[in-house]
Amino acid sequence: MLTAAVIGFFGFLRCSEFTCKQSFDSALNLTMDDVVFVSDCQVNLRLKASKTDIFRHGVIIKLFKTNNNICPYVQLSKYVTSRKMNGATDNDPLLVDSSNLALRRSLFIDKLKTILSHLGLNADKYSGHSFRIGAATTCSSNGIQDHMIQTLGRWKSDCYSRYIRTSEVDIRQALLKMCK
C-alpha cells in the first residue's frame, strides 16, 4: 500500500496505471521490469498504457530522491529489493497484495478507505483519482508553476486545473496579498 500510494502521488498516476482491474496482464500492467534505477537519485517507471496514450507507445515517469521522509526513490528501492529477495522476476507484477497477487484496483481503494477511516477522515471524499488531485493541489499550494503541474501530470490541456483543490488558507492568503 505504501509504495502504491507514494508512486501514485509523486508520479501523478491514475489508479488504473498502477493497479489492475481484474487479472494481471504483463503487456499492460506494471511489472518489476518497468522500474529502472537510472542513477543514485533517479528512478524511471515505465507505463505501458495510460488513458492519454491511445496508441500504447508507453510513457516514462521520472521520479527522484526527495531527501524527505516520504521519497519515491527510496520507497521503490526498498520495495523492489524486497520483492526480488522474495523471488519476483522481471515479468511479475510490480505491486502485489498480501497474497502476492497483482494489486487490484478494488482492493487498493478498499484498503485506502479503511486507512482513511481509521485516521478519522471521511473516506467517501477519496477515490482512485485522489493521488492525482493531491499531487496537483500540493504543487499549486507550494507555488509550482501551472505549466510544470501540467507536465508532471501529463495533461495535454488545461483540464489539470480541475484537479486543484483550493484550501481556505490559500484563499485567505490571496485576499491578504490583495491588501498590500
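In case you missed it, the structure is sitting above this.
Residues numbered from 1 in each chain as written. Predicted model: local features only at pLDDT ≥ 70, side-chain atom pairs only at ≥ 80, totals over all residues. Heavy atoms only, no water.

### Notes on the nonpolar core
Short version of the rule: Definition used in this section: a nonpolar core is a set of buried Ala, Val, Leu, Ile, Met, Phe, Trp, Tyr and Cys residues joined via side-chain atoms within 4.5 Å. Burial classes: relative accessible area under 20% of the type maximum marks a residue as buried, over 50% as exposed, and values in between as partly exposed (1.4 Å probe, protein chains only). The secondary structure listing takes helices from DSSP runs of H or I that are at least 4 residues long and strands from runs of E that are at least 2 residues long, numbered from the N terminus. Contacts are assigned to residue pairs with any non-hydrogen atoms lying within 4.5 Å of each other.
Among the nonpolar cores identified, the biggest contains 30 residues, and Ile7, Phe18, Leu45, Leu94, Leu95 and Phe108 are the most heavily contacted of them. The set of elements that each furnish at least two residues to this core consists of α1 (2-10), α2 (15-18), β2 (42-47), β3 (59-64), α3 (72-85) and α4 (105-118). Those residues in contact with isoleucine 7 that lie beyond four places of it in its chain are Phe12, Leu13, Phe18, Leu45, Leu63, Leu76 and Leu95. Grouped together as the second largest cluster of nonpolar side chains are six residues, Phe12, Ala135, Ile149 and Trp155 included.

### So, the packing of aromatic side chains
Put simply, the rule reads: Only centres within 6.5 Å qualify two rings of Phe, Tyr or Trp (six-membered ring in Trp) as a pair; their planes then separate them into stacked at under 30 degrees, edge-to-face at over 60, and tilted for everything else.
What the rule picks out here adds up to five aromatic pairs. Between phenylalanine 18 and phenylalanine 108 the ring centres are 5.1 Å apart and the planes differ by 90 degrees, which places this aromatic pair in the edge-to-face class. With phenylalanine 18 in helix α2 and phenylalanine 108 in helix α4, this residue pair connects regions lying 90 residues apart in the sequence. The exposure classification of phenylalanine 18 matches that of phenylalanine 108, with both residues buried. Put simply, the rings of Phe18, Phe108 and Phe131 pair up and form one aromatic cluster.

### Let's talk about the sheet that holds β2
As a reminder of what qualifies: Note on pairing: two strands pair once DSSP finds at least 2 bridges between them. Axis definition: a line fitted to C-alpha atoms, over the contacting stretch in the case of helices. Angles run 0 to 180 degrees between N-to-C directions.
Across the sheet, three strands lie side by side as β1-β2-β3; this open sheet has antiparallel pairing. Looking at the sheet topology across the chains shown, the edges are occupied by β1 (35-37) and β3. Taking the axes of each pair of neighbouring strands and ignoring which way they run, one obtains an average angle of 25 degrees across the sheet. With six bridges joining them, β2 and β3 adopt antiparallel strand pairing. In the strand pairing of β3, leucine 47 is matched with valine 59. Relative to the sheet, α3 contacts β1, β2 and β3, its axis offset from that of β1 by approximately 110 degrees.

### Quick word on α3
Formally: Helix span is expected to be 1.5 Å times the residue number reduced by one. Arc definition: it is the arc formed by the directions from the helix axis to the C-beta atoms.
Taking 1.5 Å of rise per residue, 14 residues should cover 20 Å, and α3 covers 20 Å from first to last C-alpha, within 8% of that figure. Among all positions in α3, only Pro72, Tyr73, Gln75, Leu76, Tyr79, Val80 and Arg83 are buried. The buried residues of α3 all sit within an arc of 160 degrees when viewed along its axis, so they share a single face. The exposed residues of α3 that point more than 90 degrees off its buried face are Lys78 and Met85. Taken together, the buried residues of α3 touch α1, β1, β2 and β3. Of the residues trailing α3, glycine 87 is marked for its positive phi of about 95 degrees.

### Points about the side chain of glutamate 17
Along the chain, glutamate 17 falls in helix α2. The exposure class assigned to glutamate 17 is buried, which follows from its relative accessible area of 5%. Among all residues touching glutamate 17, those that are not within four sequence positions of it are Phe12, Leu30, Leu47, Ala49, Ser50, Lys51 and Arg154.

### What about the packing of α1 against α3?
When two helices pack together, their arrangement is given by the angle between their axes and by how far apart the axes lie. Test applied: Definitions for this section: a left-handed crossing has its near helix turned counterclockwise from the far helix by less than a right angle. A right-handed crossing has that turn clockwise. Only Asp, Glu, Lys and Arg are considered charged, only Ala, Val, Leu, Ile, Met, Phe, Trp, Tyr, Cys and Pro nonpolar, and every remaining residue, Gly among them, polar.
Contact geometry of α1 with α3 gives a least axis separation of 10 Å together with a crossing angle of 145 degrees. In the packing of α1 onto α3, the handedness of the crossing is left-handed. Residues Leu2, Thr3, Val6, Ile7 and Phe10 of α1 form the contact with α3, whose participating residues are Pro72, Gln75, Leu76 and Tyr79. By residue class, the composition of the contact of α1 with α3 is seven nonpolar, two polar and no charged.

### Side note on the layout of surface pockets
Our working rule: Using a grid of 1 Å spacing that covers the protein atoms alone, one calls a set of points a cavity when a 1.4 Å probe fits there but cannot get out, and a pocket when the set is open and has protein on both sides within 12 Å along at least five of seven lines; lining residues are those with an atom within 4 Å of a point. Grid points are joined across faces, edges and corners, and a volume is the space filled by probe spheres set on the points.
In this structure, the largest pocket occupies an estimated 390 Å³ of space. What lines the largest pocket is a set of 19 residues, and nearest its centre among them are Phe10, Phe12, Lys62, Leu63 and Leu152. Every element with two or more residues in the lining of the largest pocket is listed here: α1, β3, α5 (130-141) and α6 (146-152). With five residues, β3 is the single largest residue contributor to the lining of the largest pocket. A class-by-class count of the residues in the lining of the largest pocket yields 12 nonpolar, five polar and two charged.

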